[in-house]
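Close look at the chain arrangement
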Amino acid sequence: MLSMLGLVGGLVLLIVLTMRGMNLFISAPLCALIVAVSNQMAILTGDEYFVATYMSGFTSFIASWFFMFLLGSLFGKFMEDTGAADSVARWIVDRLGMKKAVFAVVAACAILTYGGVNLFVVAFSVYPMALSLFKDANLPRRFIPAALAFGSVTFTMTSAGSPEIQNWIPIKYLGTSPYAGWEVSIVVAIFMAFFGYWWLKRMIAKAVANGEKFEDRDDDPHIPERDYPHPITGVIPLLVVLALSFTFHDMFGHNALILALGGGVISIMIINSKHFHNISNAITEGTTGALIAIGNTAAVVGFGAVAKSTDAFNVAVDIMTQIPGNELIGAAVAVSVIAGLTGSASGGQAIALPLLAPHYIDQGVNPEELHRVVAISSGALDTLPHNGYVVTTIRAICKETHASAYWSMFAMTGVVPLIGLAIAIGLFILF
């Protein structure tokens, strides 16, 4: 009982401290320590002791993603510094009108995500354009994280055919294909896209009606009026990233993003070499931003590593994977809860599927239906406040606070997918 209270208490405390803006380099290890102590884990020495477990999670994430974060941050800063992001934003506003600013951000994220570009990289890449669009349209900037996340982690990330890992993990355990359950997936994706966009526009419109508007900040990029590059020079680097990622994804896995982002950075430097305002400053800010972003995320991953190594977590997993009743509902609840505990959609799948897949397949559950339900459910409660993508997007990239930006983001990444999940299960049961 004490170990379970410690696990739940540590998670709740981490969420509360994150919402209140506490530094994650302090709050994540502190909450992980509470979990470790309550589960009688050795602290400084022994088998799977706290310090080693936490740092293994912390360092493994940095080892896997450092170059993607670095190049992604540089890509975004170069788009800012050359004026390419502003140029694209102005072209969109001139052609489509200010009312389409939100649509442009969501569409850009959706195209890149479905093209195989990693979620973190999409946020780094599209944010400069999103900032310019929201500024030109005079929309409250606290909704930028919601727009970025909605286009990245909802109707594209877990849909049939998506190259994102959340759609590929089930293949290993279920013997399915990336297009499993595609008929229902199309219906759910269309619903999430239209309903989520309507809700996001409604929230922004309500905020504007209450007097909210875009507010400049001292740390915003200050680019003087000048001859901006042609808008196509801001689109070409994004296409380079998309094309290289899609082409080499099967060959190099997620490491294809290093090649893709490297190509994107080089293409900006070649195409817009005459338009750099202060390239030295852009490099400095880009590298610093990358370190802050990956550090914050790694701190939360370290907490997850400690949580997963406890007996209480194993008990929770056993309970979640033995829920009675309809198998699809049981799988959805198990994956959602485990993803919420670990703060990771892929983590929720990787932990639950080895236990769920053989059990449910033996009971005659359609593996394609199970694949789609698992994929969609992993992308709902994983976006609690301590999730690495949430923390990076809100704090490091958009420089907002959880208090101002999180709830609109959760509406898009938590509530909308949960409704979509209910629709998917209902359609599978009925048909």
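Being a predicted model, the structure only gives us computed values, none of them experimental.

**Quick notes on the overall build of the protein chain**
If you tally the helices and strands in the protein chain, you get 18 helices and zero strands. Over its C-alpha atoms, taken along the principal directions, the protein chain stretches across nearly 65 × 55 × 50 Å. For the protein chain, the residues scored as buried account for 57% of the 431 residues in total. Excluding contacts between residues fewer than 6 apart, the proportion of contacts in the protein chain whose partners are at least 24 apart in sequence is 80%.

**Structural notes on the layout of surface pockets**
Considering only enclosed or pocket space, the largest pocket measures out at about 1000 Å³ in volume. If you trace the largest pocket, you find 40 residues lining it, with W65, I165, Q166, S344 and S346 closest to the centre. Only α3 (50-81), α6 (119-137), α10 (232-252), α11 (256-271), α12 (279-308), α15 (345-362) and α17 (388-397) provide two or more residues apiece to the lining of the largest pocket. For the lining of the largest pocket, the per-class residue count stands at 16 nonpolar, 20 polar and four charged.

**Quick notes on the UniProt feature "transmembrane region" (unreviewed entry) in the protein chain**
Feature annotation in UniProt assigns "transmembrane region" (unreviewed entry) to the following positions: residues 12-37, 49-71, 101-131, 143-160, 180-200, 252-271 and 405-430. Spanning residues 180-200, this segment combines 90% helix with 0% strand, and its end C-alpha atoms are found 29 Å apart.

**Details of the packing of aromatic side chains**
Following the criterion strictly, the structure yields 18 aromatic pairs and no others. Both rings, one in F103 and one in Y197, keep their centres 6.1 Å apart while their planes meet at 80°; by these two values the pair is edge-to-face. Placement of F103 in helix α5 (residues 101-114) and of Y197 in helix α9 (residues 182-209) is noted, with a sequence separation of 94 residues between them.

**Points about the pattern of salt bridges**
Evaluation of the coordinates by the stated rule reveals six salt bridges. Residue E212 is joined to R142 by a salt bridge in which the shortest nitrogen-to-oxygen separation is 2.8 Å. Placement of the pair is E212 in the loop between α9 and α10 and R142 in the loop between α6 and α7 (144-153), with a sequence separation of 70 residues. Since its relative accessible area comes to 24%, R142 is described here as partly exposed. We note a salt bridge from E400 to R217, for which the minimum N-O separation is 2.9 Å. Here R217 lies in the loop between α9 and α10 and E400 lies in the loop between α17 and α18 (402-430), a separation of 183 residues in the sequence. Using a relative accessible area of 8% as the deciding quantity, one classes E400 as buried. Note on R217: relative accessible area 26%, which makes it partly exposed. Each of the salt bridges in this network shares a partner with another, and the network as a whole consists of K77, E80 and E285.

**Observations regarding the nonpolar core**
A general feature of soluble globular proteins is that nonpolar side chains tend to end up buried together. Counting residues in each nonpolar core, the largest one holds 139 residues, and the members touching the most others are V126, L133, F134, L148, L200 and Y389. With 14 residues, α6 is the largest single contributor of residues to this core. If we skip the residues at most four places from it in the chain, L148 touches V105, C109, A123, V126, Y127, A130, Y389, T393 and C398.

**Considering a nonpolar patch on the surface**
A cluster of nonpolar side chains, contributed by L33, V37, I43, L44, V51 and M55, occupies part of the molecular surface with about 490 Å² of accessible area. When contributions to the nonpolar patch are tallied by element, the ones reaching two or more residues are α2 (24-38) and α3. Along the chain, V37 falls in helix α2. Note on V37: relative accessible area 51%, which makes it exposed.

**Section: the side chain of D382**
Within the secondary structure layout, D382 lies in the loop between α16 (367-378) and α17. Within the buried core, D382 has no salt-bridge partner, and the shortest N-O distance to an opposite charge, that of K308, equals 13 Å. Not counting residues up to four positions away in its chain, the partners in contact with D382 are A339, G340, G343, S344, A345 and N387.

**With respect to the environment of D81**
Topologically, D81 is positioned in helix α3. Along the chain, D81 and F276 lie 195 residues apart, while their C-alpha atoms are 5.7 Å from each other. Only 2.9 Å separates the side chain of D81 from the backbone nitrogen of N278, close enough to count as a polar contact.

**Considering the environment of P178**
By secondary structure assignment, the location of P178 is in the loop between α8 (169-174) and α9. Between the C-alpha atom of P178 and that of H371, which follows or precedes it by 193 residues, the distance is 8.9 Å. Ignoring any residue separated from it by four or fewer positions in sequence, one finds P178 in contact with A160, G161, N167, W168, I171 and R372.

**Quick notes on α10**
The end-to-end C-alpha distance of α10 is 29 Å, a good match for the 30 Å that 21 residues give at a rise of 1.5 Å each. Of all the bends in α10, the greatest, near 35°, is centred on F246. All of the buried residues in α10 are T233, G234, P237, L238, V241, L242 and S245. The inward-facing, buried residues of α10 abut α3, α4 (84-96), α5, α6 and α11. The positive-phi residue at the C-terminal boundary of α10 is G253, with phi of around 65°.

What counts and how
Residues numbered from 1 in each chain as written. Predicted model: local features only at pLDDT ≥ 70, side-chain atom pairs only at ≥ 80, totals over all residues. Heavy atoms only, no water. Helix = DSSP H or I, 4+ residues; strand = E, 2+ residues; numbered from the N terminus. Buried < 20%, exposed > 50% of the residue type's maximum accessible area, 1.4 Å probe, protein only. Contact = heavy atoms within 4.5 Å. 1 Å grid on protein atoms, 1.4 Å probe; cavity = no way out; pocket = protein on both sides within 12 Å on 5 of 7 lines; lining within 4 Å. Points joined across faces, edges and corners; volume = space filled by probe spheres on them. Nonpolar A, V, L, I, M, F, W, Y, C, P; charged D, E, K, R; others polar. UniProt positions renumbered as here; feature names shortened; annotations may be inferred. Phe/Tyr/Trp six-rings, centres within 6.5 Å; stacked < 30°, edge-to-face > 60°. Salt bridge = Lys/Arg side-chain N within 4 Å of Asp/Glu carboxyl O. Core = buried A, V, L, I, M, F, W, Y, C linked by side-chain atoms within 4.5 Å. Patch = residues over 30% accessible without salt bridge, like charges linked within 9 Å, V, L, I, M, F, W, Y side chains within 5 Å. Areas by Shrake-Rupley, 256 points an atom, 1.4 Å probe, with all protein chains shown as cover. Lys, Arg positive; Asp, Glu negative; His and termini not counted. Polar contact = N/O pair within 3.5 Å; in protein donor to acceptor, adjacent residues only side chain to side chain. Expected span 1.5 Å × (residues − 1). Bend = angle between axes of the 7 residues up to and from the residue.

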